[in-house]
Amino acid sequence: MTHNHAQKQEVGFGITQITDQRLMNSDGSSNFSKVGLPWYKTSSFYHFCISLSWLQFLLSVVILFLGINLIFTVVYFIIGAGHLVGLHYSNVIGVLFEIYFFSVQTLTTVGYGRVNPVGVLTNFIASFQTLVGLLFFSVITGLMYARFSKPRAFFLYSKNVLFSPYKDGYALMFRLANKLKYSIINVKVEITLSIIEKGENEQLRRNFYTPISLERQQIQFFPASWTIVHPIDASSPLYGLSWEEIQYSQLEIFVLISGFDETFDQQVHSKRSYHVSETVWGAKFEKMILIDHLGRNAADLSKIDLFEKAPIYTP
């Protein structure tokens, strides 16, 4: 067990923030907004694209691709269908579809050759669209590579933090699992507790306590699951607090996990936040390690959130 006394620290969120709103979202992202500057000065296109889920990213690419072609279709239609040689349809709908597919062929530089631009203006627009297409696919290719090459820690967290019986007392616990089959080595965990307390002149202030003592702060190999335990003893800032006092304190638990990914040969990180509303008093996790049909040790990841009641007694 790691023996250390948690101390009040400033971790970057400020000590005057005493609202009920959590400081960090459950996925580890900051819950602070930025004001005072235009949105484009506080945004990053690259970071936005990298942080999207794969479904969101692919849908964005499809929508952008369709939108670019739709814009050029309108431009060609305004110039006049007579400036495109090889159109077969005479009705408006058919012409629009043919112009749209000509736009797609121009943007992708496929160019089947049946429909051709005629005139300086139309050829200029088609040339410009080809340039847009080259830039568009270059950017998408770069983003795809960045998304594939970015190392990520595929950790699975339990939905709740439990106050569970532990030895002769009780402890704060949550569970962590490695979702994928590859191993991560030298996994470390750091925990910070955020608690609203009365300070001088009975004024409320938010205090941050770190480092928090843990039963085990590091493991060499992480093939399956790990229950992270913070014993609530005399060194804990939660020592002596009742369940009602813990709820009143708006407890928030910041978790930072780091490890070495052998596949990417790089350090990976993962963040998670637990709000007091996600804590359960008097419960313990059900076992998730079992023997599979081949007689091997296995972790049943579907049980990571399961717990059962277990009375605890505070000193």
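For the structure, check the block above.
All figures in this text were calculated on a predicted structure; none of them were measured in a lab. (Residues numbered from 1 in each chain as written. Predicted model: local features only at pLDDT ≥ 70, side-chain atom pairs only at ≥ 80, totals over all residues. Heavy atoms only, no water.)

(A) Representation of helix H3 (residues 92-107). In this model, H3 (16 residues) spans 22 Å end to end at C-alpha, consistent with the 22 Å of a helix rising 1.5 Å per residue. Every buried residue of H3 is listed here: Gly94, Val95, Glu98, Ile99, Tyr100, Phe102, Ser103, Val104, Gln105, Thr106 and Leu107. Downstream of H3 by a residue or two, Thr109 has a phi angle that is positive, lying close to 60°. (Helix = DSSP H or I, 4+ residues; strand = E, 2+ residues; numbered from the N terminus. Expected span 1.5 Å × (residues − 1). Buried < 20%, exposed > 50% of the residue type's maximum accessible area, 1.4 Å probe, protein only.)

(B) Representation of the packing of helix H2 (residues 54-79) against H3 in the model. One way to put it is that H2 packs onto H3 with a least axis distance of 8 Å and a crossing angle of 120°. Between H2 and H3, the interaxial angle falls into the category oblique. Helix-helix and strand crossings are classified by hand; for H2 and H3 the assignment is right-handed. Residue-level inspection shows Phe65, Leu66, Ile68, Asn69, Leu70, Phe72, Thr73, Tyr76 and Phe77 of H2 in contact with H3, the latter providing Val92, Leu96, Ile99, Tyr100, Phe102, Ser103, Val104, Thr106 and Leu107. Class assignment for the residues of the contact of H2 with H3 results in 14 nonpolar, four polar and no charged. (Axes fitted to C-alpha atoms, helices over the stretch in contact; angles between N-to-C directions. Parallel < 35°, antiparallel > 145°, perpendicular 65-115°, else oblique. Left-handed = near helix turned anticlockwise from the far one by under 90°. Contact = heavy atoms within 4.5 Å. Nonpolar A, V, L, I, M, F, W, Y, C, P; charged D, E, K, R; others polar.)

(C) Summary view of the nonpolar core. Within the largest apolar cluster, 34 residues are counted, with the highest numbers of intra-cluster contacts made by Phe163, Ile191, Ile228, Leu251, Ile253 and Ile257. Of all the secondary-structure elements, those providing two or more residues to this core are strand E4 (155-157), strand E5 (161-166), strand E6 (169-178), strand E7 (184-198), strand E10 (225-231), helix H5 (243-248), strand E11 (252-261) and strand E12 (266-275). Excluding its chain neighbours within four sequence positions, the residues that come into contact with Ile257 are Phe155, Tyr157, Leu176, Val187, Lys188, Val189, Ile228, Val268, His269 and Ser270. Residues Tyr100, Ile125, Phe136 and Ile140 belong to the second largest nonpolar core, which totals 23 residues. (Core = buried A, V, L, I, M, F, W, Y, C linked by side-chain atoms within 4.5 Å.)

(D) The arrangement of the environment of Glu252 in detail. One can find Glu252 in strand E11. In this view, Glu252 contacts Arg22, Leu23, Met24, Thr192, Leu193, Ser194, Ser273, Tyr274 and His275; residues no more than four positions away in its chain are not counted. A polar atom in the side chain of Glu252 sits 2.8 Å from the side chain of Ser273. (Polar contact = N/O pair within 3.5 Å; in protein donor to acceptor, adjacent residues only side chain to side chain.)

(E) Molecular detail of H2. The end-to-end C-alpha distance of H2 is 38 Å, a good match for the 38 Å that 26 residues give at a rise of 1.5 Å each. Turning to H2, its buried residues are Phe57, Val61, Phe65, Ile68, Asn69, Phe72, Thr73 and Tyr76. In this structure, the buried side of H2 is in contact with helix H1 (45-51), strand E2 (84-85), H3 and helix H4 (120-149). Looking one or two residues beyond H2, the residue adopting positive phi is Gly80, at roughly 125°.

(F) Fine view of the pattern of salt bridges. As enumerated under the stated definition, the model contains two salt bridges in all. Linking Arg114 and Glu98 is a salt bridge whose minimum nitrogen-to-oxygen distance equals 2.6 Å. Highlighted residues: Arg114 in the loop between H3 and strand E3 (116-117) and Glu98 in helix H3, separated in sequence by 16 residues. Residue classification places Arg114 among the partly exposed positions, given a relative accessible area of 41%. Its relative accessible area of 8% is what places Glu98 among the buried residues. As a salt-bridge pair, Glu308 and Lys284 come within 3.7 Å of each other at their nearest N and O atoms. (Salt bridge = Lys/Arg side-chain N within 4 Å of Asp/Glu carboxyl O.)

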